[in-house]
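Geometric and topological summary
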Amino acid sequence: MFLWEGVSEFVAVAEAESFTRAAKRLGISTAQVSRQISALESRLSTKLFYRTTRKVSVTEAGQIYYQHCRQVLDGLEEAERTITNLQLSPRGRLRLTAPVTYGEKVIAPLVNDFVLRYPELEVELHLTNQKLDLVADGYDLAIRLGTLEDSSMMARRLASRTQHVCASPDYLSVHGVPHSLSELEQHNCLQGNLDYWRFQEQGKVRNIRVTGNIRCDSGWALLDAALKGIGIVQLPDYYVQPALDAGQLLSLLEHYREEDNGIWALYPHNRHLSPKVRMLLDYLGQTLRG
């Protein structure tokens with residue numbers, strides 16, 4: 001606590017340019033303000049103010065010290081506002097967007113749980129795989145998956161997702177288990193929108209071109225095909241984890257698995273986060289990581 005002594009008094013005098021006005025602003029005596037400033041100058045071994053009978057002005061050293069102290073006090077005030085706002089029940093409209101599948105399976109249930117906690121909220125959740133303009137369309141935040149493009153948006157990482165290459169035991173019993181990336185060309189690889197799968201080998205990302213007899217932009221359709229033993233699939237964990245846990249699918253080529261990529265919340269950098277948005281972000285992050 002010793003380091004804080006005199007800081008509030010110093011900032012008040014610097015801004016009021018008067019010991020008397022600073023004392024009135026702080027609700028203490030002028031003598032107490034003077035004592036704290038003198039003790040502070042003694043501790044810093046420097047003069048912070050020029051004092052005359054008519055005027056109090058800040059020295060060059062005092063100006064430098066003021067800039068730092070003002071930032072510290074602003075941070076403390078913001079921390080107090082944040083804690084105070086957390087005690088308030090969020091209310092009003094909240095607009096967000098998320099990818100369709102991940103939104104349906106993961107985000108929408110969590111948002112619904114959040115609304116159960118705070119029924120005065122009015123939530124509009126738009127599920128789309130299109131990249132919407134958050135500012136122009138009036139969204140508070142967007143959920144994005146994977147590697148982020150360069151953007152003027154602020155980004156907060158909520159959790160991670162893992163890409164799995166997997167197949168059913170029936171498929172593997174007939175066609176064998178691939179142990180290297182080159183062996184994928186001998187297998188029926190069920191494709192989504194891309195004709196390649198991403199891996200990591202010796203610390204470098206590799207895109208491996210794959211082919212198969214099914215191409216579909218629905219992860220659920222590809223999962224169904226894999227479960228029925230048609231081929232190998234690469235899908236995120238939120239599609240395949242239950243089947244992996246149940247032994248319906250087996251994970252392959254784990255040594256070449258790409259590092260987990262992010263699940264992000266984006267919001268405009270020039271928009272102050274309201275308590276309801278910050279609380280939703282905190283809730284999503286804590287729940288998804290848990």
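Below, the structure is looked at part by part. Just so you know, these numbers come straight off a predicted model, no measurement behind them.

Some details on the nonpolar core
Core analysis: the biggest nonpolar cluster contains 39 residues, and Leu141, Ile143, Val240, Leu249 and Leu281 have the highest contact counts within it. Not counting the four nearest positions on each side in its chain, Ile143 is found in contact with Thr97, Ala98, Pro99, Tyr102, Ile107, Leu158, Ile263, Trp264, Ala265 and Leu284. In terms of nonpolar packing, the next biggest core, distinct from the first, is built from 20 residues, Val11, Phe19, Leu40 and Leu73 among them.

Considerations on the pattern of salt bridges
By the definition in use, this model includes twelve salt bridges. Of the charged contacts, one joins Glu15 and Arg25 as a salt bridge, the two residues approaching to 2.7 Å between their closest N and O atoms. Of this pair, Glu15 sits in helix α1 (residues 7–16) while Arg25 sits in helix α2 (residues 19–26), and the two are ten residues apart along the sequence. Given a relative accessible area of 32%, Glu15 falls into the partly exposed group. In this structure, the salt-bridge partner of Glu124 is Arg95, at a minimum N-O distance of 2.8 Å. On the criterion of sequence distance, the pair formed by Glu124 in strand β4 (residues 121–127) and Arg95 in strand β3 (residues 92–98) is long-range, its members being 29 residues apart. Glu124 gets classed as partly exposed once you look at its relative accessible area, which sits at 32%. For Arg95, a relative accessible area of 11% puts it in the buried group.

Notes on the packing of aromatic side chains
Summed over the entire model, instances satisfying the criterion amount to eight aromatic pairs. Where Phe10 meets Tyr65, the ring centres are 5.2 Å apart and the plane angle is 50°; that geometry is what we call tilted. On the criterion of sequence distance, the pair formed by Phe10 in helix α1 and Tyr65 in helix α4 (residues 60–86) is long-range, its members being 55 residues apart. An angle of 65° between the planes, with centres 4.8 Å apart, marks the rings of Trp220 and Tyr239 as edge-to-face. Placement of the pair is Trp220 in helix α8 (residues 219–227) and Tyr239 in helix α9 (residues 237–246), with a sequence separation of 19 residues.

Considerations on the sheet that holds strand β5 (residues 141–145)
Working definition: the strands of a sheet are paired by backbone hydrogen bonds and lie parallel or antiparallel to each other. Ordered by their spatial adjacency, five strands build an open sheet running β4-β3-β5-β13-β6, and the pairing between neighbours is mixed. Both outer strands of the open sheet, β4 and β6 (153–161), are each paired with one neighbouring strand and no more. Taken over all neighbouring pairs, the strand axes of this sheet differ in orientation by 20° on average, direction set aside. Pairing geometry for β3 and β5, over two bridges, is parallel. Bridge pairing in β5 places Leu96 opposite Leu141. Where helix α5 (residues 100–117) meets the sheet, it contacts β3, β4, β5 and β13 (261–268), and its direction lies at approximately 175° from that of β4. Contacts from helix α10 (residues 275–289) reach β3, β4, β5, β6 and β13, with the element oriented near 25° to β6.

Quick notes on empty space enclosed by the protein
Within this structure, the stated rule accounts for one cavity of 30 Å³ or more. A volume near 60 Å³ is recorded for the largest cavity. Around the largest cavity sit Gln163, His164, Val165, Arg198, Phe199, Gln234, Leu252, Leu253, Glu254, Arg257 and Glu258, which together line it. Within the residue set of the lining of the largest cavity, elements represented by two or more residues are β7 (163–167) and β9 (196–201).

Re the environment of Gln286
Relative to the elements of secondary structure, Gln286 occurs in helix α10. What makes Gln286 exposed here is its relative accessible area of 55%. Through-space distance from the C-alpha of Gln286 to that of Glu5 is 37 Å; in sequence the pair is 281 residues apart.

Quick word on the layout of surface pockets
Of the voids in this model, the largest pocket is the one considered here, and its volume is about 1,500 Å³. Residue lining of the largest pocket: 48 residues in total, with Leu145, Arg161, Gln163, Asn193 and Leu194 positioned closest to the centre. Broken down by element, the lining of the largest pocket gets its largest block of residues, four residues, from strand β11 (residues 232–236). Here the second largest pocket defines a volume of roughly 220 Å³. In terms of lining residues, the second largest pocket is bounded by Tyr102, Val106, Leu110, Ala159, Ser160, Asp237, Tyr238, Gln241, Ile263, Thr287 and Leu288. Among the secondary structure elements, those contributing two or more residues to the lining of the second largest pocket are α5, β6, α9 and α10. Per-class residue counts for the lining of the second largest pocket are seven nonpolar, three polar and one charged.

Section: the pairing of β3
Burial runs high along β3: five of the seven residues are buried. Across seven bridges, the pairing between β3 and β4 is parallel. When the bridges of β4 are listed, Ala98 appears paired with Leu127. Each parallel crossover has a hand, and the one from β3 via α5 to β4 is right-handed.

What counts, and at which threshold
Residues numbered from 1 in each chain as written. Predicted model: local features only at pLDDT ≥ 70, side-chain atom pairs only at ≥ 80, totals over all residues. Heavy atoms only, no water. Core = buried A, V, L, I, M, F, W, Y, C linked by side-chain atoms within 4.5 Å. Buried < 20%, exposed > 50% of the residue type's maximum accessible area, 1.4 Å probe, protein only. Contact = heavy atoms within 4.5 Å. Salt bridge = Lys/Arg side-chain N within 4 Å of Asp/Glu carboxyl O. Helix = DSSP H or I, 4+ residues; strand = E, 2+ residues; numbered from the N terminus. Phe/Tyr/Trp six-rings, centres within 6.5 Å; stacked < 30°, edge-to-face > 60°. Pairing = 2+ DSSP bridges. Axes fitted to C-alpha atoms, helices over the stretch in contact; angles between N-to-C directions. 1 Å grid on protein atoms, 1.4 Å probe; cavity = no way out; pocket = protein on both sides within 12 Å on 5 of 7 lines; lining within 4 Å. Points joined across faces, edges and corners; volume = space filled by probe spheres on them. Nonpolar A, V, L, I, M, F, W, Y, C, P; charged D, E, K, R; others polar. Right-handed = clockwise from strand over helix to strand, strands pointing away.

Read these as spatial facts, not as claims about activity.
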